[in-house]
Amino acid sequence: MTSRRLIRIKVLQLLYSYTKKEGVTITEVERDLFKSITKSTDLYYHVFLLITEIQRHAFLKIDAARNRKLASHKDLNPNTRFIDNPVINQIAENRKFKTYVSTNLVSLNECQDVVVSLHNKLVETDFFNLYMNKPTVTYDDHKQLVLDMISELIAVDEDFEQAMEEKNIFWNDDFELVLSIVYKTVKNMKENYSENTVFFISLYNEDEDLDFAKTLFRKSILDMKENMEIIDQFTANWELDRISEMDKLIMDIAIAELKYFPSIPVKVTLDEFIEISKNYCSPKSSSFINGVLDKVVILLKEKNQIKKIGRGLME
């Protein structure tokens, strides 16, 4: 589940913050954790809003050219394929999208320079010009244009990423994963979708995922001393204080998940935290963490501290 990857990363970030701040309480950091989780959905809708804003900027440019005193034949007869793109129109006119944007004050008003910049970059791309100059286009062609905008334009634009970071510092770590969910959402869109069709993906199951985050965060803190002692058993050739702080915290959270979430398979937990370590630790950390956690699993099973049920029994 994509949302669980985001939650694990946020638990890691806030656990690190907790260990570095003196006098801060678990409840205070937990409040930041929940806020960070719920705000990820705002980033998801910001990306969709950006797509519609780029289209709106294109429309305004065409409209301004049409109304020039000395408008050329090209100005008066523009190629309107992009501003008529039905996929973008489905997004812009969707009731759920409009409701979320207005209710949660999702806005790019202060980022119009980024919108203009991305539009200027878009019209120079090969994929855009191929789309605009095809003799005829299908719904899938319109959709592919939007998919290319996400993967080839927005995903690699440092200005947009920086603008989003300035809105919320935690979005830096959400960016890649949220964009992948936006991409998936568009890829699944259908031509017959109406303004009432609910096609936007919920990043989180509010009750279930917030409970997962709260339990994982609290157990990682409350069992930290015990977990570090377990880790120490399998790092005989390493002094614990020589292992990076992030390595230790990742293993601490992984052990908490192994012990307290019976429905999550052991392999899923190990794979998830090894993947996270590739982005947050040194190049050698993933293999080191993998080796230690393999031994930890054996020990915890011997102590009957790993009890899996249902889906958790899957290997």
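Residues numbered from 1 in each chain as written. Predicted model: local features only at pLDDT ≥ 70, side-chain atom pairs only at ≥ 80, totals over all residues. Heavy atoms only, no water.

Asks: Sorry, what's going on with the nonpolar core here?
Replies: If you look at soluble globular proteins, the nonpolar side chains tend to sit buried side by side. Among the nonpolar cores identified, the biggest contains 100 residues, and Tyr-44, Phe-82, Phe-160, Met-164 and Phe-217 are the most heavily contacted of them. With 15 residues, helix α2 (residues 26-66) is the largest single contributor of residues to this core. Sequence-distant contacts of Phe-217, that is, excluding residues within four places in its chain, are made with Val-11, Leu-14, Leu-15, Ile-26, Val-29, Glu-30 and Leu-33. (Core = buried A, V, L, I, M, F, W, Y, C linked by side-chain atoms within 4.5 Å. Buried < 20%, exposed > 50% of the residue type's maximum accessible area, 1.4 Å probe, protein only. Helix = DSSP H or I, 4+ residues; strand = E, 2+ residues; numbered from the N terminus. Contact = heavy atoms within 4.5 Å.)

Asks: Can you help me understand unusual backbone geometry in this one?
Replies: Glycine aside, residues mostly have negative phi, and peptide bonds are mostly found in the trans state. Backbone geometry places Leu-105, a non-glycine residue, at a positive phi of 55 degrees. Mapped onto the elements, Leu-105 comes out in the loop between α5 (95-103) and α6 (112-122). Taking relative accessible area as the criterion, Leu-105 reaches 70% and is therefore assigned exposed. Although it is not a glycine, Asn-304 adopts a positive phi angle of roughly 60 degrees. As for its placement among the helices and strands, Asn-304 is situated in the segment after α15 (285-302). The exposure class of Asn-304 is partly exposed, given its relative accessible area of 48%.

Asks: I'm lost on the packing of aromatic side chains in this one. Help?
Replies: The geometry of two aromatic rings is summed up by the distance between their centres and the angle between their planes. In the structure shown here, the tally under the stated rule is 13 aromatic pairs. Taken together, a centroid distance of 5.8 Å and an interplanar angle of 55 degrees make the contact between Phe-160 and Phe-175 tilted. With Phe-160 in helix α9 (residues 158-167) and Phe-175 in helix α10 (residues 171-187), this residue pair connects regions lying 15 residues apart in the sequence. Just as Phe-160 is buried, Phe-175 falls in that class too. In textbook terms, an aromatic cluster arises when at least three aromatic residues are bridged by ring pairs, as seen for Tyr-44, Tyr-45, Phe-48, Phe-97, Tyr-100, Tyr-193, Phe-199 and Phe-200. Across from the ring centre of Phe-212, 4.1 Å away, lies the NZ or CZ of Arg-4, which sits over that ring. Taking NZ or CZ as reference, Lys-219 lies 4.6 Å from the ring centre of Tyr-260, over its face. (Phe/Tyr/Trp six-rings, centres within 6.5 Å; stacked < 30°, edge-to-face > 60°. Lys NZ or Arg CZ within 6 Å of the ring centre and 35° of its normal.)

Asks: Mind showing me how you'd approach the layout of surface pockets here?
Replies: Summary: where empty space remains is shown by rolling a probe the size of a single water molecule over the atoms. When its volume is computed, the largest pocket comes out at roughly 530 Å³. Lining the largest pocket are 19 residues; nearest its centre among them are Ile-62, Lys-74, Pro-78, Asn-79 and Met-132. Broken down by secondary-structure element, the contributors of at least two residues to the lining of the largest pocket are α2, α3 (73-76), α6 and α7 (126-133). For the lining of the largest pocket, the per-class residue count stands at nine nonpolar, six polar and four charged. Each pocket or cavity is described by its volume, and for the second largest pocket that value is around 320 Å³. Contributing to the lining of the second largest pocket are Arg-5, Ile-9, Glu-161, Asn-172, Asp-173, Phe-175, Glu-176, Leu-177, Glu-275, Ile-276, Asn-279 and Tyr-280. Among the elements that make up the lining of the second largest pocket, the one with the highest residue count is α10 (five residues). (1 Å grid on protein atoms, 1.4 Å probe; cavity = no way out; pocket = protein on both sides within 12 Å on 5 of 7 lines; lining within 4 Å. Points joined across faces, edges and corners; volume = space filled by probe spheres on them. Nonpolar A, V, L, I, M, F, W, Y, C, P; charged D, E, K, R; others polar.)

Asks: Hey, could you run me through helix α4 (residues 86-93) in this one?
Replies: An α-helix turns once every 3.6 residues. As a result, residues three or four positions apart point the same way. Every buried residue belonging to α4 is among Val-87, Ile-88, Gln-90 and Ile-91, and all of these are buried. Take α4 and look down its axis: the buried residues cluster within an arc of 155 degrees, on one side only. Packing partners of the buried residues in α4 comprise α2, α5, α8 (139-154) and α10. (Arc of directions from axis to C-beta.)

Asks: I tried to follow the pattern of salt bridges on my own but got confused; where do I start?
Replies: If the charged atoms of two oppositely charged side chains come close together, the side chains can form a pair. Using the criterion set out here, one finds 19 salt bridges in the structure. Arg-4 is the partner of Asp-209 in a salt bridge, and the nearest nitrogen-oxygen pair spans 2.9 Å. Of this pair, Asp-209 sits in helix α11 (residues 206-222) while Arg-4 sits in helix α1 (residues 2-20), placing them 205 residues apart in sequence. Residue classification places Arg-4 among the buried residues on the basis of a relative accessible area of 12%. Between Arg-5 and Glu-272 there is a salt bridge, with the nearest N and O atoms lying 2.7 Å from each other. (Salt bridge = Lys/Arg side-chain N within 4 Å of Asp/Glu carboxyl O.)

Asks: I would appreciate a short explanation of the environment of Thr-185 in the present structure.
Replies: Considering the arrangement of structural elements, one finds Thr-185 in helix α10. Note: C-alpha distance between Thr-185 and Ile-276 (91 residues apart in sequence) is 24 Å. Engagement of the side chain of Thr-185 in a polar contact is seen with the backbone oxygen of Ile-181, the distance being 2.7 Å. (Polar contact = N/O pair within 3.5 Å; in protein donor to acceptor, adjacent residues only side chain to side chain.)

Asks: How do you make sense of the side chain of Arg-81 when you look at a structure like this?
Replies: Relative to the elements of secondary structure, Arg-81 occurs in the loop between α3 and α4. Of the side chains with opposite charge, Asp-141 lies nearest to the buried Arg-81, which makes no salt bridge, at 7.4 Å. Here Met-132 takes part through its backbone oxygen, which lies 3.5 Å from a polar atom of the side chain of Arg-81. For Arg-81, the residues in contact, after removing those within four places along its chain, are Tyr-131, Met-132, Asn-133, Lys-134, Pro-135, Thr-136, Val-137 and His-142. (Lys, Arg positive; Asp, Glu negative; His and termini not counted.)

Remember, this is a structural readout, not a statement about activity or role.
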